[in-house]
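Understanding the architecture of this molecule
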Amino acid sequence: ATSRLLVNYQEPYRSQILDYLFKPNFGASLHMLKVEIGGDGQSTDGTEPSHMHYENDENYFRGYEWWLMKEAKMRNPKIKLIGLPWTFPAWIGKGENWPYDFPDVTAYYIVSWILGAKQYHDLDIDYVGIWNERAFNSKYIKHLRSTLDKHGLQQVRIIASDRLWEPISFVLLLDSELHGVVDVIGAHYPGTKTVPNALLTEKKLWASEDYSTFNDEVGAGCWARILNQNYVNGNMTSTIAWNLVASYYEELPFGRCGLMTAQEPWSGHYRVEAPIWITAHTTQFTQPGWTYLQVDGHLKGGGSFVALTDGLGNLTIIIETMTHNHSQCIRPPLPHFSVEPQRATFYLKGSFDLRRSLLIQELGCFVTYLSDFCSLSFLYFQVWKGSFSLDLDVDEVYTLTTLKTGKKCACPEPPPPQPFPSNYKDDFNIRNPPFSEAPNFADQTGVFEYFINASDPGDHVFTLRQVVVQRPITWASDADQTISIIGNFQWVNMTINCDIYIEKQRDGGVFIAGRVDNGGIYVRQTKGVFFWVFADGTYRVTGDLGGKEVLMKGLSGVRDNAWHTLTLNIQGTSASGLLNGYPLWENVTISKPRNGWAAIGTRSFEFAQFDNFHVEA
């Protein structure tokens, strides 16, 4: 759920961000895009909607991943697309929090997403995974392969298991049938190392999720080091960064752990962070299908290099000299090592044969210094009789290449940063919305979608509706309530108004909230000021999403299947609430939290509608 805010950017800024990510020979020039197959559950920084909320439901226009893949393909038709589920809608498990009891059902669900990508968006999915960082099931993987083949999707390759090298590598060596259907072993955060069993499988080895580090210069150093050393130490030929772009509220888990930052659609501000240019050192000068030359890529003075060829005479060498303190990733812990200034001499021979090496008389040289990422510079480097030498300092990245195509492009400066608007309204009155979710709302449990309330004769035809009615097969600790956050985490004093409509009879309920202090994988721990009304005619004020810290309760007269207006006013250490414009409760003392987002949500996984949301902070 890390691209949530990106879709809300206005032009030209949204296209500029996408160009920095995907446009060839411009910025990151990415070779692969891996997206979540939304499953209605929390996947780190929010939920992403499923294309099948319910068994008899199919909709291939929910969420923003379809749009993102199309934008990537439009810029680079050769980009590889990967889909991977984190969570699954409840009906897949038929009451169990497990997707493998009915492998035919789960395989059909995943294959339907791949077919929908082609039918509705003309997108060809290249790879599909099993279940992010959770157990794999051999029977299911085989069933997935046969289901793909039955639907003419032989070209779609399977990655397993998006967790650790083991036990998948060991099982592949034991099970020849499974070995025949898994194309890539994908490990997460491997620390540049692999295991003997993985090598013995002779499969492609990928760091199918890595990086996940704050995108300052240390994060850039981490990215530079692992892009090279994942191959040098671990024989991994693909490294995929989580995450693509930090386009989610920064105070959610792993804030700014993207290749660039775009978290202010309301202002248009974004930042092209250092990892974009570290990426370019590899991606602008190689392509999928190029081959790593089998050399010892360890430099004597510390650091590493890799060499790749297209088999047609082109050669690219990427060198990094990242020091320990300037290249620590968020995980795993990095053992101490030393890097020192050195003179390195390279000889073009061996697997890159002498005949071709003698034809290379100069190499283009791109340089980035960790201390100044604006200084990526280009020059030509002379090659004499198949060898050349370089004086390397610490914390530098070099690309030496026969290609003439590399560029460091730049768009005009984006607007300056601005906080979230302190007076924000949304009436959800949009007949044909470009996306299923309302701008800036970030769902943390449940899914909130635009809804046309055809039965309403009055002012509530167009609303926002919570649509997940059963707890999904979870990946994280989703809350027992649904919640969507919005606004500025630094807000202290605020007034929130919202029209609400409880659909669930007897025990249904909804809330509006302020000073909400948590989300993402920590959503169950969320504190704040929550104003609840229930279908049984009662209300509560609580200091937490779970409803355990009751600050006040009483009768409200609210009923289901009728519209009501809630108002929550928080000023300093006091809060009060209005129902339909009349005071319902007041003078509730608030001590913690001292600041946070605004939010809406429901008592359980239930249908409910919201309209005319307004916050003044």
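Residues numbered from 1 in each chain as written. Predicted model: local features only at pLDDT ≥ 70, side-chain atom pairs only at ≥ 80, totals over all residues. Heavy atoms only, no water.

Naming follows an unreviewed UniProt entry, where the protein appears as Galactocerebrosidase of Mesitornis unicolor. Per UniProt, the comment on the protein under Subcellular location (unreviewed entry) is "Lysosome". (UniProt positions renumbered as here; feature names shortened; annotations may be inferred.)

1. Section: unusual backbone geometry
The linkage connecting Glu 11 with the following residue, Pro 12, adopts the cis geometry, with an omega of 10 degrees. Mapped onto the elements of the fold, Pro 12 is located in the segment before helix 1 (13-22). Cis geometry marks the peptide bond from Lys 592 to Pro 593; its omega dihedral reads -10 degrees. Position of Pro 593 among the secondary structure elements: in the loop between strand 30 (582-589) and strand 31 (597-602). One non-glycine residue, Arg 506, lies in the positive phi region at around 65 degrees. (Helix = DSSP H or I, 4+ residues; strand = E, 2+ residues; numbered from the N terminus.)

2. Thoughts on empty space enclosed by the protein
Any space left empty among the atoms is revealed by the rolling of a water-sized probe across them. Enumeration over the complete set of coordinates arrives at four cavities of 30 Å³ or more. By volume, the largest cavity is sized at about 100 Å³. Lining the largest cavity are 14 residues, and of these Gly 38, Pro 49, Arg 62, Trp 66 and Trp 113 lie nearest its centre. Only strand 1 (32-37) and helix 2 (65-75) provide two or more residues apiece to the lining of the largest cavity. Class assignment for the residues of the lining of the largest cavity results in five nonpolar, five polar and four charged. (1 Å grid on protein atoms, 1.4 Å probe; cavity = no way out; pocket = protein on both sides within 12 Å on 5 of 7 lines; lining within 4 Å. Points joined across faces, edges and corners; volume = space filled by probe spheres on them. Nonpolar A, V, L, I, M, F, W, Y, C, P; charged D, E, K, R; others polar.)

3. Comments concerning the pairing of strand 32 (residues 608-616)
With respect to burial, strand 32 is a largely interior element, seven of its nine residues being buried. One ladder, built from four bridges, connects strand 18 (residues 423-426) with strand 32; its direction is antiparallel. The residue of strand 32 that forms the bridge with Lys 425 is His 614. Sheet topology note: the strand 21 (residues 462-466)/strand 32 ladder contains three bridges and is antiparallel. Looking across to strand 32, one finds that Arg 465 is bridged to Gln 609. Judged from the seven bridges that link them, strand 23 (residues 494-502) and strand 32 form a sheet pairing that is antiparallel. In the strand pairing of strand 32, Thr 495 is matched with Glu 616. (Buried < 20%, exposed > 50% of the residue type's maximum accessible area, 1.4 Å probe, protein only. Pairing = 2+ DSSP bridges.)

4. Let's talk about the state of the cysteines
As used in these notes, a disulfide is a covalent bond between sulfur atoms, one from each of two cysteines. Per the counting criterion, the structure on display carries one disulfide. The disulfide partner of Cys 222 is Cys 329, and the S-S distance across this bridge is 2.0 Å. Looking along the S-S bond of the Cys 222-Cys 329 disulfide, the torsion reads about 100 degrees, which is the right-handed sense. With Cys 222 in helix 8 (residues 217-234) and Cys 329 in the loop between strand 12 (315-320) and strand 13 (342-347), the pair connects residues that are 107 residues apart, well separated along the chain. For Cys 222, a relative accessible area of 0% puts it in the buried group. On the accessibility criterion, Cys 329 (12% relative accessible area) is buried. (Disulfide = S-S within 2.5 Å.)

5. Quick notes on the pattern of salt bridges
Pairing is possible between side chains that carry opposite charge, provided their charged atoms lie close to one another. A complete count under the given rule lists 19 salt bridges for this structure. The salt bridge involving Arg 256 is made with Glu 273; its shortest N-O contact spans 3.5 Å. Remark: Glu 273 occurs in the loop between strand 9 (269-271) and helix 9 (274-283) and Arg 256 occurs in the loop between strand 7 (238-242) and strand 8 (261-264); sequence separation between them is 17 residues. Glu 273 sits in the buried class, given a relative accessible area of 4%. Notably, a salt bridge pairs Asp 507 with Lys 504, separated by 3.9 Å at the nearest N-O pair. Owing to a relative accessible area of 40%, Asp 507 belongs among the partly exposed residues under this scheme. Its relative accessible area of 29% is what places Lys 504 among the partly exposed residues. (Salt bridge = Lys/Arg side-chain N within 4 Å of Asp/Glu carboxyl O.)

6. A word on helix 3 (residues 103-121)
Taking 1.5 Å of rise per residue, the 19 residues of helix 3 would be expected to cover 27 Å, and the 27 Å separating its terminal C-alpha atoms lies within 8% of that figure. One or two steps after helix 3, the chain reaches Asp 122, where phi turns positive at roughly 55 degrees. (Expected span 1.5 Å × (residues − 1).)

7. Digging into the sheet that holds strand 4 (residues 157-163)
Spatial ordering of the open sheet is given by 1-2-3-4-5-6-7, a layout of seven strands whose pairing is parallel. Bordering the open sheet on either side are strand 1 and strand 7, each of which pairs with just one other strand. As defined by bridge partners, strand 2 (residues 80-85) adjoins strand 3 (residues 127-128) across two bridges and the pair is classed as parallel. Across the sheet, residue Ile 82 finds its bridge partner in strand 3, namely Tyr 127.

8. Topic: the domain arrangement of the protein
Many authors give the size of an interface as the accessible area that is lost as the parts come together. Per the domain assignment, the segments of the protein are domain 1 (12-267) and domain 2 (423-616). Computed over C-alpha atoms, the centres of domain 1 and domain 2 are 32 Å apart. Listed as interface residues are 40 residues of domain 1 and, on the opposing side, 33 residues of domain 2. For the domain 1 and domain 2 pair, buried surface summed over both sides reaches about 2700 Å², with 58% attributable to carbon and sulfur atoms. It is Gln 42, Tyr 249 and Glu 251 in domain 1 that bury the most area against domain 2; as a group they hold 24% of the surface buried on that side. Inspection of the region where domain 1 meets domain 2 yields one salt bridge. Between Arg 62 and Glu 449 there is a salt bridge; the shortest N-O distance is 3.3 Å. Scanning the region where domain 1 abuts domain 2 turns up 17 residue pairs in polar contact (both at pLDDT 80 or more). Split into classes, the residues belonging to the side of domain 1 that touches domain 2 amount to 19 nonpolar, 13 polar and eight charged. (Domains from an automatic or database assignment. Contact = heavy atoms within 4.5 Å. Buried area = accessible area lost by both parts, 1.4 Å probe. Polar contact = N/O pair within 3.5 Å; in protein donor to acceptor, adjacent residues only side chain to side chain.)

9. A short note on the nonpolar core
In terms of nonpolar packing, the biggest core is built from 105 residues, with Phe 22, Leu 33 and Leu 144 touching the most fellow members. When residues of this core are assigned to domains, at least three fall in each of domain 1 (12-267) and domain 2 (423-616). If sequence neighbours within four positions are ignored, Leu 144 has contacts with Ala 107, Ile 110, Val 111, Val 128, Gly 129, Ile 130 and Ile 158. Judged by nonpolar contacts, the second largest core, of 61 residues, contains Met 494, Val 523, Ala 535 and Leu 545. (Core = buried A, V, L, I, M, F, W, Y, C linked by side-chain atoms within 4.5 Å.)

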